[in-house]
Amino acid sequence: MRLPRILNQCHPIPGFVYGQARFTEDSQAILIAVRPRKRSTAICSGCHKPAPGYDQSPTPRRFEFIGFWGYLVFLVYCMRRVNCRQCGVVVEEVPWGIGKHSSTKVYMHFLGHWARKLSWKETAEEFRTSWDKVHDAVEYLVTWGLEHRVLGAIRAIGVDEIQRGKGHKYLTLVYQIDLGCTRLLWIGKERTVKTFKEFFAMIGPEVSAKIEYVCSDMWKPYLGVIREQCSQALNILDRFHIVAKVNQALDDVRAAEARRMKGDGYEPVLTKSRWCLLKRPENLTATQKVKLKDLVRYNLQSVRAYLLKEDFQQLWNYDSTVWAAKFLDHWCRQVMRSRIEPMKKVARTLRAHRELILNYFRARKEFSSGVIEGLNNKAKVTMRKSYGFRTFRVTELALYHSLGKLPEPELTHRFF
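Thresholds, definitions, all that
- Residues numbered from 1 in each chain as written.
- Predicted model: local features only at pLDDT ≥ 70, side-chain atom pairs only at ≥ 80, totals over all residues.
- Heavy atoms only, no water.
- Patch = residues over 30% accessible without salt bridge, like charges linked within 9 Å, V, L, I, M, F, W, Y side chains within 5 Å.
- Areas by Shrake-Rupley, 256 points an atom, 1.4 Å probe, with all protein chains shown as cover.
- Salt bridge = Lys/Arg side-chain N within 4 Å of Asp/Glu carboxyl O.
- Helix = DSSP H or I, 4+ residues; strand = E, 2+ residues; numbered from the N terminus.
- Pairing = 2+ DSSP bridges.
- Axes fitted to C-alpha atoms, helices over the stretch in contact; angles between N-to-C directions.
- Contact = heavy atoms within 4.5 Å.
- Phe/Tyr/Trp six-rings, centres within 6.5 Å; stacked < 30°, edge-to-face > 60°.
- Lys NZ or Arg CZ within 6 Å of the ring centre and 35° of its normal.
- Buried < 20%, exposed > 50% of the residue type's maximum accessible area, 1.4 Å probe, protein only.
- Polar contact = N/O pair within 3.5 Å; in protein donor to acceptor, adjacent residues only side chain to side chain.
- Disulfide = S-S within 2.5 Å.

Undergrad: An account of a nonpolar patch on the surface is needed here, citing residue identities and associated values.
TA: On the surface, I6, F23, W69 and Y71 cluster together into a nonpolar patch covering about 440 Å² of accessible area. Looking at the element boundaries, W69 is found in the loop between β6 (61–68) and β7 (71–77).

Written out as C-alpha cells, the structure is:
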C-alpha cells in the first residue's frame with residue numbers, strides 16, 4: 001500500500017518513520033506501523049528533554065488517525081522508556097500523541113473542527129467514534145487555545161448571564177466587544193459578586209485598567225463589581241433589558257385591566273391584544289393594525305401605557321447626551337403623573353440608573369447590548385444542540401470552543 005508515502009507528504013513525523021500498512025483481520029481498519037529513526041533520541045514525557053533509552057515495550061500501542069475511504073486508520077507503535085536524570089524511568093513523549101490519549105493530535109483537531117458544526121453525539125456517530133473521544137478532542141483544543149491565547153488590549157467588554165439547566169442555575173459570560181473583535185473571554189459558574197471578581201483576577205489589573213466601556217444589565221452584583229474593578233470605564237446599561245422592562249410593565253397593565261374588565265362584566269376589548277401593544281408599529285400584521293386602531297379609541301390604562309411605551313422609544317434617536325437626559329427626565333415625570341403603578345415602578349428604576357443609561361450616549365452609541373444578545377443566542381444554541389450538558393466543565397468547554405475564537409495548533413496539512 002502507498003499510504004506511508006501519502007502520510008510522509010501530508011503528515012511527516014520528525015524522528016520517526018512510517019512502516020508498512022496492512023488491514024486488520026476483519027478488514028475494517030488499516031494499521032500503519034511507526035518506528036523511530038536509527039540513532040534518534042527519545043524525549044522524556046516529564047521534562048520534555050532528550051534522555052537516554054531504557055527499554056522498549058514488546059506490546060504495540062494503537063493511536064487512532066483520520067480515516068481513509070471509509071476505513072478506520074491506526075498508527076501502531078511500540079513505546080520506549082527513557083532513563084531521565086530528573087524524572088527517572090518514564091515512557092517517552094511521541095510527537096503525534098498526548099499523554100495516555102488513544103487518538104493522535106491531528107485526529108483530535110479533526111474531530112474538534114466538526115464538533116463546532118455538529119453536536120458532539122452527531123460527530124461521534126458520523127466518524128464512528130465515541131462521545132468521550134469527541135470530548136477529549138474539544139478539551140485538548142480548548143486547553144491548548146487558552147494557554148496560547150493573547151488577550152492584548154481590551155477596550156470594551158460585555159457581561160450577561162444565561163440560564164443553565166432547570167431551576168435558578170446561571171452562567172456569567174464575559175465577552176470582548178471591541179470593533180472588529182468579538183469573542184468569549186470568560187465563563188463563571190454563578191452570577192454572584194465572587195464569581196464576577198474571578199474574571200478580573202484572571203485578566204489582571206493591567207488589562208482591567210485599560211478597559212474603557214462595560215456593557216451590562218441592572219443586576220446589582222455586576223454593577224458593584226464594575227464600580228470597584230473598572231472605575232475608569234463607562235458602564236453602559238443594557239438597552240435590550242431597559243426596553244424589556246418597559247414592555248413587561250405594559251403587559252402587566254394589560255393583563256390586570258383585562259381581568260378587571262372581565263370581572264366587572266364589560267366588553268372584553270383587550271382579548272387577543274397582547275402583541276398589538278407590544279410589537280413595533282412597523283411589525284404589526286394587517287389584522288393587528290385593525291385591532292390596535294379600534295383599541296386606541298377607548299380610554300384605558302393599557303392604551304395610555306402603550307402610548308408611554310411608544311413615546312419612550314424616541315430616547316434612542318437622540319445623539320446629544322444633554323437632550324437625551326432632558327427627554328428621559330420629562331418622560332419619567334410624565335409617567336409618575338399617570339397613576340399607572342407598573343409604569344411608575346419602571347420610571348423609578350430608570351431614575352435610579354439615570355447616569356448609566358446616559359452613558360450609552362456618552363459612548364456615542366458605539367457600544368450596545370445587541371452584540372451581547374447575539375452571542376448569548378449562539379451560546380444557547382450550542383447548549384440546545386446537545387439537549388444540554390450535565391456538568392459545568394463540559395458546558396465551559398463547548399462554549400469556549402464555539403465562541404472563544406481560540407488559537408489552534410498549526411498542522412502540516414489541513415485534513416478538513
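On we go from here.
Undergrad: Let's hear about the sheet that holds strand β11 (residues 170–178): which residues, and what values?
TA: Here we have 5 strands laid out as an open sheet, ordered β12-β11-β10-β13-β14, and mixed in their pairing. Sheet topology places β12 (181–188) and β14 (234–237) at the edges, where each strand pairs with a single neighbour. Sheet twist, expressed as the average angle between the axes of neighbouring strands with direction ignored, equals 25 degrees. Bridging between β11 and β12 involves 7 bridges; their strand directions are antiparallel. Paired with D178 across the bridge in β12 is C181. Helix α15 (residues 392–403) contacts β11 and β12 of the sheet and is inclined by roughly 170 degrees relative to β12.

Undergrad: Any details on the packing of aromatic side chains? Residues and values, ideally.
TA: As enumerated under the stated definition, the model contains 24 aromatic pairs in all. Here the aromatic rings of F68 and W69 are separated by 5.6 Å at their centres, their planes lie at 40 degrees, and the arrangement is tilted. Site record: aromatic cluster; members linked through ring pairs are W186, F196, F199, F200 and Y222. Taking the ring centre of W323 as reference, the NZ or CZ of K326 above it sits at 4.5 Å.

Undergrad: Could you give an account of the side chain of T382, with specific residues and numbers?
TA: Of note, T382 is situated in helix α14 (residues 370–385). Overall, the relative accessible area of 9% leaves T382 in the buried class. In this structure the side chain of T382 is engaged in a polar contact, spanning 2.9 Å, whose partner is the backbone oxygen of K378. Leaving out residues up to four positions away in the same chain, T382 has contacts with F389, A398, L399 and S402.

Undergrad: Mind laying out the pattern of salt bridges, listing which residues take part and the relevant values?
TA: Applying the stated criterion across every chain yields a total of 19 salt bridges. When the shortest N-O distance is used, the salt bridge between E310 and K309 registers 2.7 Å. Given a relative accessible area of 2%, K309 falls into the buried group. In this structure, the salt-bridge partner of D319 is K365, at a minimum N-O distance of 3.3 Å.

Undergrad: Please give an account of the environment of K262 that cites residues and values.
TA: Looking at the secondary structure, you find K262 in helix α7 (residues 239–264). With a relative accessible area of 72%, K262 lands in the exposed category. Spatially, the C-alpha atom of K262 lies 57 Å from that of D132, the residues being 130 residues apart in sequence.

Undergrad: If you had to explain the sheet that holds β6 to someone new, which residues and values would you point to?
TA: The strand order across the open sheet formed by 4 strands is β1-β2-β7-β6, and the pairing between neighbours is mixed. The open sheet has two free edges, formed respectively by β1 (16–23) and β6, since each of these has just one partner strand. When strand polarity is set aside, the average angle formed by the axes of neighbouring strands in this sheet is 25 degrees. Here 6 bridges tie β1 to strand β2 (residues 29–36), and the two strands are oriented antiparallel to one another. Note that in β2 the partner of F23 across the bridge is I30.

Undergrad: Let's hear about the environment of M383: which residues, and what values?
TA: With respect to the helices, strands and loops of the structure, M383 is situated in helix α14. Measuring from C-alpha to C-alpha, the distance between M383 and H353 comes to 33 Å, with 30 residues separating the pair along the chain. In this view, M383 contacts I162, Q163, L171, G388, F389, T395 and L399; residues no more than four positions away in its chain are not counted.

Undergrad: Break down the state of the cysteines for me, with residues and values.
TA: All told, the structure shown has 0 disulfides when counted by the stated rule. As a non-bridged cysteine, C84 has C47 as the owner of its nearest cysteine sulfur, 3.6 Å distant. As a non-bridged cysteine, C215 has C230 as the owner of its nearest cysteine sulfur, 12 Å distant.

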